[in-house]
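# Descriptive analysis of the structure
Here is how the chains run, residue by residue.
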Amino acid sequence: MNFKGRDVISIKDFSREEILYILDVAEKMLPIAEGKKKSNLLNGYIMASLFFEPSTRTRLSFEAAMKRLGGNVIGFAQPGTTSLQKGETLADTIKTAESYCDVIVMRHPKEGSARMAAKFASVPIINGGDGAGHHPTQCLLDLFTIRKEKGQIEGNRVALLGDLKYGRTVHSLAYALALFKVDMVFISPPELQMPKEVIEECREMGANITIKNSLEGLDEIDVLYVTRIQKERFPDPEEYKKVAGSYRIDLKTLENVKEDMIIMHPLPRVDEISPEVDETKHAAYFRQTFNGVPVRMALLALVLGEIK
Ligand code: NCD
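Remember, predicted model here, so these are calculated numbers, not experimental data. (Residues numbered from 1 in each chain as written. Predicted model: local features only at pLDDT ≥ 70, side-chain atom pairs only at ≥ 80, totals over all residues. Heavy atoms only, no water.)

Take the domain arrangement of the protein chain next. Annotation of the protein chain at the domain level lists domain 1 (11-134 + 291-303) and domain 2 (136-289). Relative placement of domain 1 and domain 2: their C-alpha centres are 24 Å apart. Listed per partner, the contact involves 33 residues of domain 1 and 29 residues of domain 2. Note on domain 1 versus domain 2: buried area summed over both sides is about 2,700 Å², and carbon and sulfur give 61% of it. At the boundary of domain 1 with domain 2, the tally comes to 7 salt bridges. Here Glu 53 makes a salt bridge to Arg 233, at a shortest N to O gap of 3.0 Å. (Domains from an automatic or database assignment. Contact = heavy atoms within 4.5 Å. Buried area = accessible area lost by both parts, 1.4 Å probe. Salt bridge = Lys/Arg side-chain N within 4 Å of Asp/Glu carboxyl O.)

Okay, structure coming up:
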């Protein structure tokens, strides 16, 4: 399998075999990600991290991944300090950045922006989230987490809970789980349901999908994937107010769940998981956060051609 020079725009661009291969490479990266083993695999390479939208985990874990592998990082997290402020286009920003680096990681509020950037760039573009569109690297770390925590991806019943309309992580994850023919339950307020085209496409791929508006039936779930309501993507603040706080996972909600059910969350959380849940054996979200490092190390090494 050769990933050299490849863009990472949507999880839909990857086959099941390719995904599993990336997860296997990530597994081998674990001791380096934990700082227990040193590596110079990406020595001499530069990653540009262009964040046009807020980020904590995606940007920091990409930067940590690059540095753990001996590479260098340039970039910005406050686009207000760049020439965008003077009216420069995304295309020109990308053409500039690519002349200084070997790979670009970008996050942008507009859906489709990463795909567009890839047309202008000759270096690989890795999409760190494009509006409500895709978040392929989060998806890979989510799959890595499920496999690590549950032994395998197949055979689990996975509930995606929350803002399934605007949440890009759940769009990517639904497609990927459909590739693995996983049973899925989509739980959201009616206003925030999974887009119809995602549901249809996942069903066509052979996924068994149940759609719900309430938390009933959690006792049948193996993986509960919680998301925050994407306040910044609501066209009307009044619409946000109607759904704010409409679901919350606390100790009471977890009374009848399976012993080994895990709770995941891409984070940041607002109020959808009560902090008391962090102490339970179900909480996997901070381990999930760490998994961003080995997975992003694997992706960087693969697209830069240092691992074949
Ligand atoms: C998510 C994102 O940016 O889409 N965060 C992340 O990358 N871990 C989830 C969110 O913002 O709610």
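Between its first and last C-alpha, helix H1 (residues 16-33) extends 24 Å over 18 residues, near the 26 Å set by a 1.5 Å rise per residue. Along its length, H1 reaches its greatest deviation from straightness, about 30°, at Glu 27, and the proline Pro 31 lies no more than four positions downstream. Buried-residue contacts for H1 involve helix H2 (57-68), helix H5 (136-150), helix H6 (168-179) and helix H9 (285-303). With its phi angle positive at about 80°, Gly 35 sits one or two positions after the end of H1. (Helix = DSSP H or I, 4+ residues; strand = E, 2+ residues; numbered from the N terminus. Expected span 1.5 Å × (residues − 1). Bend = angle between axes of the 7 residues up to and from the residue.)

This paragraph deals with the side chain of Thr 137. For Thr 137, the position within the fold is in helix H5. Note on Thr 137: relative accessible area 0%, which makes it buried. (Buried < 20%, exposed > 50% of the residue type's maximum accessible area, 1.4 Å probe, protein only.)

The next subject is the site of the ligand. Around the ligand sit Thr 58, Arg 107, His 135, Gln 138, Arg 168, Thr 169, Arg 228, Gln 230, Pro 266, Leu 267 and Pro 268, and those are all the residues in its vicinity. Thr 58 is positioned with one of its side-chain polar atoms (N or O) 3.0 Å from an oxygen atom of the ligand. In the environment of the ligand, an oxygen atom lies 2.7 Å from a nitrogen or oxygen atom belonging to the side chain of Arg 228. Summarising the interface, the protein chains cover 94% of the accessible area of the ligand, which totals 320 Å² for the free molecule. When each cavity is represented as a set of grid points, the ligand is found to reside in the largest pocket. Across the shell around the ligand, the residue classes tally to 3 nonpolar, 5 polar and 3 charged. (Near = heavy atom within 4 Å. Polar contact = N/O pair within 3.5 Å; in protein donor to acceptor, adjacent residues only side chain to side chain. Areas by Shrake-Rupley, 256 points an atom, 1.4 Å probe, with all protein chains shown as cover. 1 Å grid on protein atoms, 1.4 Å probe; cavity = no way out; pocket = protein on both sides within 12 Å on 5 of 7 lines; lining within 4 Å. Sits in = over half its atoms within 2 Å of the grid points. Nonpolar A, V, L, I, M, F, W, Y, C, P; charged D, E, K, R; others polar.)

Turning our eyes to something else, we now look at the layout of surface pockets. Size it by volume and the largest pocket reaches roughly 380 Å³. For the largest pocket, the lining is made up of 20 residues, of which Arg 107, Arg 168, Arg 228, Leu 267 and Pro 268 are closest to its centre. Of all the secondary-structure elements, those providing two or more residues to the lining of the largest pocket are H2 and H6. For the lining of the largest pocket, the per-class residue count stands at 4 nonpolar, 10 polar and 6 charged. The residue makeup of the lining of the largest pocket includes at least three contributed by each of domain 1 (11-134 + 291-303) and domain 2 (136-289). Its volume calculated, the second largest pocket comes out at about 170 Å³. (Points joined across faces, edges and corners; volume = space filled by probe spheres on them.)

Ordered by their spatial adjacency, 4 strands build an open sheet running E2-E1-E3-E4, and the pairing between neighbours is parallel. Both edges of this open sheet fall to strand E2 (72-76) and strand E4 (125-130), since each of them pairs with a single strand only. When strand polarity is set aside, the average angle formed by the axes of neighbouring strands in this sheet is 15°. (Pairing = 2+ DSSP bridges. Axes fitted to C-alpha atoms, helices over the stretch in contact; angles between N-to-C directions.)

Following the criterion strictly, the structure yields 22 salt bridges and no others. Note that Arg 115 and Asp 13 form a salt bridge whose closest N and O atoms lie 3.1 Å from each other. Residue Arg 115 is found in helix H4 (residues 113-120), and its partner Asp 13 is found in the segment before H1; the two are separated by 102 residues along the sequence. With relative accessibility at 32%, the residue Asp 13 sits in the partly exposed group. In this structure, the salt-bridge partner of Lys 242 is Glu 239, at a minimum N-O distance of 3.1 Å. Separated by 3 residues within a single helix, Lys 242 and Glu 239 lie in helix H8 (residues 237-243), roughly one turn from each other. Classification of Lys 242 by relative accessible area gives exposed; the value is 58%. Look at the salt bridges and you will find they share partners, linking Asp 24, Glu 27, Arg 147 and Lys 148 into a network.

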